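Take a look at the letters that make up each chain.
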Amino acid sequence: MKTFDLKAKRPLIISGPCSAETEEQTIETCKQIAATGMVDVLRAGIWKPRTKPGSFEGVGLKGLAWMSEARKETGLPFGLEVATAKHVEAALEFGADMLWIGARSTGNPFSVQEIADALKGTDITVLVKNPMTPDLDLWVGAVTRIRNAGIKNVGLIHRGFSAYGASLYRNNPMWHLAIEMRSRMPELPMICDPSHICGNRTYLQEVAQKSADLYYDGLILESHICPAKAWSDASQQVTPSDLETLLRSIVWRQSTA
Ligand code: PEP
Ligand code: MN
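Residues numbered from 1 in each chain as written. Chains lettered and ligands numbered in written order. Predicted model: local features only at pLDDT ≥ 70, side-chain atom pairs only at ≥ 80, totals over all residues.

As recorded in an unreviewed UniProt entry, the protein chain goes by chorismate mutase and comes from Alistipes indistinctus YIT 12060.

Have a look at this one:
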């Protein structure tokens, strides 16, 4: 495990497939992403929080072995979502470099506390996604539980808030709430997740640029060697080559902090 200083690299770019599906898809995607030279951390979902049972729920432990292999082949660290103490233990055992709490878990104090307890005694970097509901106290509370467990390297991911009804995006960004969150915890880096805000490929670039204009500290973007065939979040993933084009187009502002 690499201790990851979130403030050492700005913008911090995380990318990889929504889900690890097969060994070949995981490793090939990670290799092509690494070859862009523009990504700092690899990602892949191993346990997937699906809305309804019967959908693909992740490959589990074997996916961790694939990510560990991807790290060996690319030299890049990797991170993933954890939702239970068992996930934390397995991810640490496989040497994950970074963990994050998904939007569904952030909204559940029992889950966050379970994760925090499992993290005690480690110094792994932990990112906390905003909860599904636009409730900043829940987000602050989750961060506080993780910090109370002794985790020092903590960051935020803004992935938009669940909204009923038609919208341009799958999740409502509610930028003003993310800005208020920053003012509540100004010492924490905040990265944007355009993939889960948009739920499509069309607006990824403009959402990513908007976050850069708002002085965010980085991006997490889903990428897949064959997005149309992805087993989860097919409509929002981009090929590693399109990812590179997108990343090259973003103009980052100097932090004023
Ligand atoms: C994901 O990263 O694939 C994911 C499920 O994210 P979120 O928790 O933001 O929905
Ligand atoms: Mn996803």
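So, the overall build of the protein chain: which residues are in play, and what are the values?
Helix and strand counts for the protein chain come out as 10 helices and 10 strands. For 257 residues, the compact-globule estimate of 2.2 N^0.38 gives 18 Å, and the protein chain sits close to it at 17 Å. Taken over 257 residues, the protein chain has a buried fraction of 46%. Considering only contacts in the protein chain between residues 6 or more positions apart, those separated by 24 or more positions represent 72%. (Helix = DSSP H or I, 4+ residues; strand = E, 2+ residues; numbered from the N terminus. Rg over C-alpha atoms; globule rule 2.2 N^0.38 Å. Buried ≥ 20, exposed ≤ 12 C-beta atoms within 10 Å, placed from the backbone. Contact = placed C-beta atoms within 7 Å.)

For the nonpolar core, give the residues involved together with the corresponding values.
Among the nonpolar cores identified, the biggest contains 61 residues, and Leu42, Met67, Leu80, Leu99 and Val128 are the most heavily contacted of them. Counting residues per element, this core draws most heavily on helix α5 (residues 109-119), which supplies 5 residues. Discounting chain neighbours no more than four positions away, the residues touching Leu80 are Arg43, Ala44, Gly45, Ile46, Met67, Ala91, Ala96 and Leu99. (Core = buried A, V, L, I, M, F, W, Y, C linked by C-beta atoms within 7 Å.)

Can you break down unusual backbone geometry residue by residue, with the values?
With an omega dihedral of 0°, the bond running from Arg10 to Pro11 counts as a cis peptide bond. Among the structural elements, Pro11 can be located in the segment before β1 (12-16).

I'd like to hear about the pairing of β1, residue by residue, with values.
For a regular strand, side chains alternate in direction, first toward one face of the sheet and then toward the other. In terms of residue burial, β1 counts as a mostly covered element, since 4 of its 5 residues are buried. Relative to strand β10 (residues 218-222), β1 runs parallel, the two being bridged by 5 bridges. By the bridge assignment for β10, Ser15 is matched with Leu221. The pairing of β1 with strand β2 (residues 41-43) spans 2 bridges and is parallel. Bridge pairing links Ser15 to Leu42 in β2. (Pairing = 2+ DSSP bridges.)

Please set out the packing of α5 against helix α6 (residues 136-148) residue by residue, giving values where relevant.
With their axes 8 Å apart at the nearest point, α5 and α6 run at an angle of 20° to one another. Viewed along their axes, α5 and α6 adopt a mutual orientation that is roughly parallel. As α5 runs across α6, the sense of the crossing is right-handed. Between α5, through Pro109, Val112, Gln113, Ala116 and Leu119, and α6, the contact on the second element is made entirely by Gly141, Ala142, Arg145, Ile146 and Asn148. Looking at the contact of α5 with α6 residue by residue, the classes come out as 6 nonpolar, 3 polar and 1 charged. (Axes fitted to C-alpha atoms, helices over the stretch in contact; angles between N-to-C directions. Parallel < 35°, antiparallel > 145°, perpendicular 65-115°, else oblique. Left-handed = near helix turned anticlockwise from the far one by under 90°. Nonpolar A, V, L, I, M, F, W, Y, C, P; charged D, E, K, R; others polar.)

With reference to specific residues and values, describe the sheet that holds β1.
Strand order around the closed barrel formed by 8 strands is β1-β2-β3-β4-β5-β6-β9-β10, with parallel pairing between neighbours. Averaged over all neighbouring strand pairs, the angle between strand axes comes to 25°, with direction disregarded. With 4 bridges connecting them, strand β5 (residues 125-129) and strand β6 (residues 154-158) associate as parallel partners. In the sheet register, Leu127 faces β6, and the bridge partner there is Gly155.

So what about helix α10 (residues 240-249)? Which residues, and what values?
For α10, the set of buried residues is Pro240, Leu243, Glu244 and Leu246. Burial along α10 is one-sided: seen end-on, the buried residues are contained in an arc of 165°. Seen from the open side of α10, the exposed residues pointing more than 90 degrees away from its buried face are Thr245, Arg248 and Ser249. (Arc of directions from axis to C-beta.)

Run through the pairing of strand β3 (residues 78-81), naming residues and quoting values.
Burial along β3 is two-sided: Phe78 and Leu80 facing one way and Gly79 and Glu81 facing the other are all buried. The parallel pair β2 and β3 is bridged by helix α2 (residues 61-74), and the resulting crossover is right-handed. With 3 bridges joining them, β3 and strand β4 (residues 98-101) adopt parallel strand pairing. Paired with Leu80 across the strands is Leu99, a residue of β4. (Right-handed = clockwise from strand over helix to strand, strands pointing away.)

Can you explain the environment of Asn153? Please cite residues and give values.
Mapped onto the secondary structure, Asn153 falls in the loop between α6 and β6. Spatially, the C-alpha atoms of Asn153 and Val126 are 6.4 Å apart, while their sequence positions differ by 27 residues. Excluding its chain neighbours within four sequence positions, the residues that come into contact with Asn153 are Phe4, Asp5, Leu6 and Thr125.

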